[in-house]
Amino acid sequence: MAASSDTVVTPSSLRQAFGNVFSLFILILIGVLAFSIRLFSVIKYESVIHEFDPYFNYRVTQFLTKNGIYDFWNWFDDRTWYPLGRVIGGTVYPGLTLTAGTLWWILNSLNIPLSVETVCVFTAPTFSAFAAWATYLLTKEVKGPGAGLTAAALLAMVPSYISRSVAGSYDNEAVAIFALIFTFYLYIKTLNTGSLFYATLNALAYFYMVCSWGGYTFIINLIPMHALLCIVTGRYSSRLYIAYAPLVILGTLLAALVPVVGFNAVMTSEHFASFLVFIILNVVGLVYYIKGILTPKMFKVAVTLVISAGLIVCCAVVAVLIALVASSPTKGWSGRSLSLLDPTYASKYIPIIASVSEHQPPTWPSYFMDINVLAFLVPAGIIACFLPLTDASSFVILYLVTSVYFSGVMVRLMLVLAPAACIMSGIALSSAFGVFTRSIKFASIGKQVDAGDTGNGVTQNDVVKPDKTEEPPKEKASRKKKKEKENVEKTPIVTKSERRLLMLPTEASVVAILLLMLLGAFYVVHCVWAAAEAYSAPSIVLTSHSHDGLHVFDDFREAYAWLSHNTDVDDKVASWWDYGYQTTAMANRTVIVDNNTWNNTHIATVGTAMSSPEKAAWEIFNSLDVKYVLVVFGGLVGYPSDDINKFLWMVRIGGGVFPHIKEPDYLRDGQYRIDSMATPTMLNCLMYKLSYYRFVETDGKGFDRVRRTEIGKKHFKLTHFDEVFTTHHWMVRIYKLKPPKNRIRGKTKKSKSKSNSAGSKRSATRKKNPWH
C-alpha cells in the first residue's frame, strides 16, 4: 500500500507528461517540414548539385569516399590553379566533406546503397531539421518550451535559410548553421546550469563549427562580448566562468588542429578579443574569491594588488598583441573581416571580394523577402526578453543586434540573422499567445467566480478561514501530509483587481489571436512560395516561362559535356573564376583559376587577358599553356549573369595588379557601353570579341537582349582563336587557341633569311612573359 501511495498520478503530472509527448510529436513534425519544404528543387527539376562552390565540395567528397581520409588530408590537386596547383587538405573547411562522407559510409554499412551525389544533395535538408531542433533547445533555455516550438517552426520555413539549404545546395552553410545554433545552445545551457559536462560539449560543438565554416569567428567574438557584458553589468558568476573558460582554452586548441585555421586561431586579430576577455574574467574571478575569504579591510589591500597585477598583465598582453598587429599591413585582420568592419574596404582595396554578388549590401526589399513578417515581430521579442532580463535573454539580444549589423553589410550574412530573427519572433508570438489565452481563461474563471459570489453573497477574498485552534489534531496531521499535493492541484486565488490588470477584453483577445493566426498563415504561404519558386531553381539548369510554355536552358551541362568528350585529358581551360569549380568537377579538365580566389595575381592575369586585344590575350594564354577559352554570354536569351556584365570587375581586378589596364579606357563618359558609342578599347578587347563573334547572324542586327541595345562592332574576324563550340542558346561559347604556325600563313613572302630572323624574333617574343 505504501508503494502505491508513493506513485499516485496527479493531474499536473499527467498534464506534464502529455505536454512532453505532444512537444516531441510537434518537434518531429517540424523536422519533417524542414526537410520536405526543401525538396522542391528535386521534385520540379532533378537531383542535381546547385550553384558553383557545391561542385567543388562534391568533387572533394567523391575523392574522400574513394581514397580515404588520409589521402584526403594530403591531396595535392594539380587540376586547379595551373600551374600552381592547390593543397586541398590544408585549404578547405573539412566539416561538410567529412559529414557527408560519414553519412555515406554509415548508409552503405547499413546496406543502403546511395550514391555520393545523392547523399550530397540531401545533406542540407537533413541538417535543416537538426538546426530547427537546435533552435528549439536554445529558445527553450531562454523563454521556455512554448517559445522554443514556435521558433523552431519559424526557422524550418524561413526563406533566408532555405536559400542556402535546398536539396542540392551542398555548401558549407548546410551544416554550419546547425553548428552555430547548437554551439549557442550549449553555451546558454552551461550558463544556466554551471555544468562542466555541457561546457566540454560546447567546446566540441565550436570545434565542429570551426571545421565547417569561416563564420566561426562570429562565435568567438560574440560570446566574449556577452561575457564582458555580464561582467560590466554585475552579473558575474561561477557559471559564467565555467561557460567561458573551457570554450576559449579547449576550443582554441581544437581550432588550431584544423589545417586551414592552424596558428590563425592565436595569431589573428579576430581571436584576440576572446583572450583579453579571458584575462579580465580571471581577474574578476580572483577578486570575488579574495572577497569571500578576507575581511573588508584586508580585501581593499588585496584588491589593489590584484588590480595592479592585472593591469600589468593586461598591458603586457596588449603590448604583445600590438607588436603582432603592427607587423601586418591589415593589422592582423583578414580581408573579409575588414570588409565587415568597414563596408567600403572591399570596393577600395579588394575588388575580388566586392565583385561577388552575395558580398553586396542588401536592399530593404530583400529583408522582407528573406525574413518576411519576422522583421515586424523582432522588436516585440526584444521587449519580451527584458521581462525579465536574464543572462540567456541578454545573449540572444546581443546575437540579434550584431547579426542585424553584419547582415546590413553583406547580403550573405542574412543567413546568420535568420536564426536570431526566428528566436525573437518565437518569443514574441509565444508571449502574445500566452497573454491572450490567459485573458480568455481569466475571463471565464471570473464569470464563474462572479456567479458564485452572486449566489452565496461571499467573495473569494472574503472566505473565512477556520481558526487553527479549533482544527482537530487528526485533520491537522492529514492536512500536513497532503500539503504538497494540495499546493500542486489547487487553483491559485487571484483577486479581482489583479485579474483586471492581467486581463484583456475577451473580444479583443479573440480578435488578436485570429490576427496572429492570419499573420502566421501569410508567413507560411510566402515561405512555401519562396521555397518552390525563388530558391529551388538550380543555377546550372535554367528555366523561363513564356506564352508558349516552359523553356529549359541546359547550356552549361551541354558545354561541360562537350569539353569532357572532345578535348584531351591534359588540356587547360581558361575562363573567369566563377566557372572554375564546375569546369573541374563536370568536365574533368584543368583550369587556370576557380572560385577559391586565393591568388589575386593569378585571377588578375586572366582578367588582363580578357581585357587585352586579341593578340596580347593570345600571348598571355599561350604562356599559361591554355588550349581552350570558355565565355558565358546571355545576349541572345536575356541571361543577365554573363561575362559581359561581369567584365568591369575583370578590368578592375586586372588593373589592380597590372597598371596598364585602366577602367576609364573601357567607359564612355563614365558609362559602360557595348553599342556604337563604346570606346575602341572596349570594342577590341578579347571579351567583347569572344562574346559577340558571329552574333549578328542570329537576327541580322546584333541586338543584345540583356543590355537592350545593338552591339557596336558587328562584323569582325578572329585571327588568334577558333570557335569550336557554341551551345544551343548561345549561353556558353568555347574557343580554341590557334597554334603559332597557323598565324604565319597568309603573310607576305619574304626571303628565307628574313623569315628565319622574323621567326626567331617571334619565338623570342612568344617566350617572353608579356604582362610583366
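Here goes a summary of the coordinates provided. Every value quoted in this text rests on a predicted model; they were computed, and no experiment measured them.

Time to look at unusual backbone geometry. The omega torsion of the bond from Y82 to P83 falls at 0°, within 30 degrees of zero and hence cis. The residue P83 is located in the loop between β1 (76-77) and β2 (86-87) in this model. The amide bond that connects L387 to the next residue, P388, takes the cis arrangement and shows omega of -5°. Residue placement: P388 occurs in the loop between α21 (374-385) and α22 (391-409). Of note in the backbone geometry, N372 takes a positive phi value of approximately 55° without being a glycine. Classification of N372 as buried rests on a relative accessible area of 0%. Of note in this structure, D625 is not a glycine but carries a positive phi near 65°. By the secondary structure assignment, D625 is in the loop between α31 (614-623) and β7 (628-632).

A separate point is a nonpolar patch on the surface. A cluster of nonpolar side chains, namely W105, I106, L110, I112 and L114, defines an oily patch on the protein surface of about 490 Å² accessible area. If you trace the backbone, I106 turns up in helix α6 (residues 95-109). The exposure class assigned to I106 is partly exposed, which follows from its relative accessible area of 38%.

Scanning the model with the defined rule gives 22 salt bridges in all. Of the charged contacts in the structure, one is a salt bridge between E173 and R412, with a shortest N-O distance of 2.6 Å. A residue pair is termed long-range when its members are at least 10 positions apart, and E173 in helix α10 (residues 173-193) and R412 in the loop between α22 and α23 (414-456) qualify at 239 residues. A residue is classified by how much of its surface remains accessible, and E173, at 0% relative accessible area, is buried. Judged by its relative accessible area of 19%, R412 is buried.

Reading the values: the criteria
- Residues numbered from 1 in each chain as written.
- Predicted model: local features only at pLDDT ≥ 70, side-chain atom pairs only at ≥ 80, totals over all residues.
- Heavy atoms only, no water.
- Helix = DSSP H or I, 4+ residues; strand = E, 2+ residues; numbered from the N terminus.
- Buried < 20%, exposed > 50% of the residue type's maximum accessible area, 1.4 Å probe, protein only.
- Patch = residues over 30% accessible without salt bridge, like charges linked within 9 Å, V, L, I, M, F, W, Y side chains within 5 Å.
- Areas by Shrake-Rupley, 256 points an atom, 1.4 Å probe, with all protein chains shown as cover.
- Salt bridge = Lys/Arg side-chain N within 4 Å of Asp/Glu carboxyl O.

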